[in-house]
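# Coordinates in review
Next come the chains, spelled out residue by residue.
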Amino acid sequence: MSSSPQTGSPQPKPPATNRLGHPMNVYKGAESTLCAGCGHDSITAQLIRALWESDVDPYMVAKMSGIGCSSKTTAYFLNLSHGFNGVHGRAAAVATGSYLGNHKLLHVAVSGDGDTASIGLGNFLHMVRRNVPIVYVIENNGVYGLTKGQFSATADKGSTLKRGWVNEMEPIDCCALAIEMGCEYVARSFSGDIKQLVPLLKGAIAHHGTAVVDVVSPCVTFNNHEGSTKSLKYARDHEEPLHGIDFVPYYEQIKVDYEPGTVQEIELHDGSRLLLKKLARDYDPTNKAAALAMLEEARRNKLFLTGLIYHNPQRSPNLGEQMNLTDEPLALLPDERLRPPAEAMEKLMAMYR
Ligand SMILES: Cc1ncc(C[n+]2csc(CCOP(=O)(O)OP(=O)(O)O)c2C)c(N)n1
Ligand code: SF4
């Protein structure tokens, strides 16, 4: 006897899919092991959304990173993609090499501010100068998170560490540097600003050359002051361990939603304050000199300017175009097409005899 169709109970809605027919969870990765409340996790969530909404084929992505809490995040999105963790500061270099091997892949590099602005600065600048097509995300928390909070080169002058040390040095502004080096897509945002970050990432994904997205991303370990009952030390001294794992206090992620052209003050987990200024709707991002002047003015007023800071709609050739790369990726060419024939080698050698 056939069972009659059930009536009355609503059918569960199938998950929304993108143009490739994938639900968003196809773009997810492993469970994050970062501290609860870390800004980097918000950026991962926005990257997942931006890749999904951009209909990116997950099998055609290469995720590159160095070493650091930020660099760990490539494991937390796009399970189905290619990925490589390089040495600290070398995301730009390994992504450049990977791009030359297979320029059909979308290259996404995730880096920290220590990674990019200190040890990896030279690599970063040369990636930009060569206009390597890479979505380069800087998860900028002003500290070396993974190695327990030393100042990074983007830390503001006058900011203090948990133990009271004051940063006496001027910060490096990765956006200004990128514009100086010829980058044609430069944006800055805040990790908790979903409305702003997703479209900026989508723009970066669609860009044909290097796209730098510098995202201010709070590190909750700022809150680990001696004497605080939320500190790691306090927790270690007072916890009754159930498992042999580190205790990291739980914090809420900081979320913001504010209008273009306005300033938003944010209190970070350690009680310090950050002033974000969103570029006005009528801001023209195509004027390079004005973009640099705007960044300088923001720096003088201790503001973080957010939005699409610079975009050159007249695109310059990217690295692949400059090098006349074959349409077929080098990685897929058979040996006989990759190796120069014996006569060509002989001719070349003859030139040096
Ligand atoms: C060549 C090299 N130098 C130094 C280190 C030690 N190290 C690992 S992560 C890190 C800093 C990470 O800071 P950042 O790039 O700002 O990322 P975050 O952890 O704050 O996300 C350092 C110095 C290393 N692993 N390799
Ligand atoms: S140490 Fe800081 S940067 Fe690293 S996971 Fe924790 S909150 Fe995030």
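Residues numbered from 1 in each chain as written. Chains lettered and ligands numbered in written order. Predicted model: local features only at pLDDT ≥ 70, side-chain atom pairs only at ≥ 80, totals over all residues. Heavy atoms only, no water.

Taking an unreviewed UniProt entry as the reference, the chain is identified by name as 2-oxoglutarate oxidoreductase, beta subunit belonging to Sumerlaea chitinivorans.

### A word on the sheet that holds strand E2 (residues 82-85)
Strand order in this open sheet of nine strands is E2-E1-E3-E4-E8-E7-E11-E10-E9, and the pairing throughout is mixed. Each having just a single partner strand, E2 and strand E9 (263-267) make up the two edges of the open sheet. The sheet shows a mean angle of 20° between the axes of neighbouring strands, direction not considered. In this sheet, E2 lies alongside strand E1 (residues 61-65) in parallel orientation, the contact comprising four bridges. Looking at E2, one finds that alanine 62 is bridged to histidine 82. (Pairing = 2+ DSSP bridges. Helix = DSSP H or I, 4+ residues; strand = E, 2+ residues; numbered from the N terminus. Axes fitted to C-alpha atoms, helices over the stretch in contact; angles between N-to-C directions.)

### Things to note about the environment of asparagine 287
Here asparagine 287 is to be found in the loop between strand E10 (273-278) and helix H9 (288-300). Spatially, the C-alpha atoms of asparagine 287 and asparagine 312 are 8.1 Å apart, while their sequence positions differ by 25 residues. At 3.3 Å, the side chain of asparagine 287 and the backbone nitrogen of alanine 289 are in polar contact. (Polar contact = N/O pair within 3.5 Å; in protein donor to acceptor, adjacent residues only side chain to side chain.)

### Structural notes on the side chain of serine 152
Checked against the element boundaries, serine 152 lands in the loop between strand E6 (150-151) and helix H6 (174-180). Filtering out sequence-adjacent residues up to four positions away, serine 152 remains in contact with Asp113, Gly114, Gly142, Val143 and Tyr144. (Contact = heavy atoms within 4.5 Å.)

### Considering the site of ligand 2
The immediate surroundings of ligand 2 are formed by Leu34, Cys35, Cys38, His40, Cys69, Asn141, Gly145, Cys219, Val220 and Thr221. Here the residues of the shell around ligand 2 are counted per class, giving six nonpolar, four polar and no charged. (Near = heavy atom within 4 Å. Nonpolar A, V, L, I, M, F, W, Y, C, P; charged D, E, K, R; others polar.)

### Focus on the environment of leucine 200
Summarising the element assignment, leucine 200 is placed in helix H7 (residues 194-206). Sequence-wise, leucine 200 and serine 189 are 11 residues apart; in three dimensions their C-alpha atoms are separated by 8.2 Å. Apart from residues lying up to four places away in sequence, leucine 200 is in contact with Tyr185, Ala187, Arg188, Ser189, Val213, Gly307 and Leu308.

### Quick look at the site of ligand 1
For ligand 1, the set of nearby residues contains 18 residues, the closest of which are Cys69, Ser70, Gly114, Asp115 and Gly145. A distance of 2.8 Å separates an oxygen atom of ligand 1 from a polar atom in the backbone of cysteine 69. Here an oxygen atom of ligand 1 and a side-chain polar atom of aspartate 113 are 3.5 Å apart. About the coverage of ligand 1: the protein hides 77% of its 590 Å² of free accessible area. Among the secondary structure elements, those contributing two or more residues to the shell around ligand 1 are helix H2 (69-72), helix H4 (113-119) and strand E5 (143-144). Ranked by residues supplied to the shell around ligand 1, first place goes to H4 with four residues. Class assignment for the residues of the shell around ligand 1 results in seven nonpolar, nine polar and two charged. (Areas by Shrake-Rupley, 256 points an atom, 1.4 Å probe, with all protein chains shown as cover.)

### Digging into unusual backbone geometry
The phi torsion at lysine 148 lies on the positive side, around 75°, for a residue other than glycine. Residue position: lysine 148 is located in the loop between E5 and E6. We note that asparagine 324 has phi near 50°; this positive angle belongs to a residue other than glycine. Relative to the helices and strands, asparagine 324 is located in the loop between helix H10 (319-322) and helix H11 (335-338). For asparagine 324, a relative accessible area of 66% puts it in the exposed group. (Buried < 20%, exposed > 50% of the residue type's maximum accessible area, 1.4 Å probe, protein only.)

### Description of the pattern of salt bridges
Inspection of every chain in the model, using the stated rule, returns 16 salt bridges. Taking the shortest distance from any N to any O, the salt bridge between glutamate 296 and arginine 300 comes out at 3.8 Å. Residue glutamate 296 and its partner arginine 300 are both found in helix H9; the two are separated by four residues, about one turn of the helix. In this structure, a network of salt bridges that share partners links the residues Lys157, Glu170, Glu296, Arg299 and Arg300. (Salt bridge = Lys/Arg side-chain N within 4 Å of Asp/Glu carboxyl O.)

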